[in-house]
Amino acid sequence: MKRAGFVLLALSPFVVAALCFSAPGLSDPGDAAPPRAGRPSADGAGLDSPDKKELAQQIVASAENSTLDWPSAYAYIEDIGDGQGYTAGIIGFCTGTHDLLVLVEHYTKDHPGNGLARYLPALRAVDGTDSHEGLDPGFPAAWRTESRVPAFRTAQDTERDRVYFDPAVRLAKLDGLGTLGQFIYYDAMVMHGPGTGPTGFYGLRTRATAEVGTPAEGGSEKAYLARFLDIRRAAMKSRNAHRDTTRIDTAQRQFLNDGNLDLHTPLEWQVYGETYRVP
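Conventions adopted
- Residues numbered from 1 in each chain as written.
- Predicted model: local features only at pLDDT ≥ 70, side-chain atom pairs only at ≥ 80, totals over all residues.
- Heavy atoms only, no water.
- Buried < 20%, exposed > 50% of the residue type's maximum accessible area, 1.4 Å probe, protein only.
- Helix = DSSP H or I, 4+ residues; strand = E, 2+ residues; numbered from the N terminus.
- Contact = heavy atoms within 4.5 Å.
- Core = buried A, V, L, I, M, F, W, Y, C linked by side-chain atoms within 4.5 Å.
- Phe/Tyr/Trp six-rings, centres within 6.5 Å; stacked < 30°, edge-to-face > 60°.
- Lys NZ or Arg CZ within 6 Å of the ring centre and 35° of its normal.

1. Re helix α10 (residues 246-257)
Then step 1. Listed in full, the buried residues belonging to α10 are Thr246, Arg247, Ile248, Ala251, Gln252, Arg253, Phe255 and Leu256.
Then step 2. Turning to α10, the residues buried within the fold contact α2 (50-64), α7 (179-192), α9 (221-237) and β4 (267-271).
Then step 3. Of the residues flanking the end of α10, it is glycine 259, one or two places downstream, whose phi is positive at about 75 degrees.

Next up, the structure:
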């Protein structure tokens, strides 16, 4: 999986709280007055409808795990050498970026006897680093074993929605974006994290909205999304671990160029040279 680290600059207390995941959702402090709701899709379905959410998980999984079978990633765990320690689970929770720690803490609160609970001291110690101290050699195997437990899969779903999916979709709707725009925000939130720095999701959005008006502000949806993707692509190119931008170039950009603002199926796209199709 390929997620950029968080970049914490001088933040307001509200944003600090959001980045520490202490609130159920994340908001952009620049939205003092809520703009009009997002443009409804032709079929009335946004990304949070069941069918579109399933599609979103498939597209993300094609880039994160090279598969459309996104549930297979519940058990995924690997250090991909990006400086964030172990990356694991359906959305790339990382031992170095706090979200994996929060996931295990929340899960342990409800299921204290789980197989990951004994690693909590080590997870707290390595939080914010790429260290494996206290996690090797048993943590990866424990993660894979626990991922067979339905309650832990549900816990992963809950954290994905709370930290990434729900905030991204909510903000995209406030920006007047349809289903494709909501997905573009979600994928950026997954990969870049909810940071306000130059490679964090909120930082990318701040730059895009400063240059091109959102649909909620009366701007062109296609023009705004094209600029957001330009800015995101440059942010990816600035990081050695994320220089392959095909998840933008031959997937999201393709959907946008095709005018598929509602993410209608059938869809066909490429990531890392591999072709994926959803009928």
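Right, picking up where we left off after that structure.
2. Considering the nonpolar core
A general tendency of soluble globular proteins is for nonpolar side chains to be buried together.
Then step 1. Leu123, Phe139, Trp143, Tyr185, Tyr186, Phe228 and Trp269 are the most contacted members of the largest nonpolar core, which has 74 residues in total.
Then step 2. Apart from the residues within four sequence positions on either side, phenylalanine 228 is in contact with Ile184, Tyr185, Ala188, Phe201, Leu204, Arg205 and Ala208.

3. What about the packing of aromatic side chains?
Then step 1. On inspection of all chains with the given rule, the structure shows 13 aromatic pairs.
Then step 2. Cation over ring: lysine 53 sits above phenylalanine 165, and NZ or CZ is 4.7 Å from the ring centre.

4. Brief notes about helix α8 (residues 201-211)
Then step 1. Taken residue by residue, α8 has Phe201, Tyr202, Gly203, Leu204, Arg205 and Ala208 as its buried positions.
Then step 2. Close packing links the buried residues of α8 with α6 (150-174), α7 and α9.

Read these as layout, nothing more, since geometry by itself doesn't imply function.
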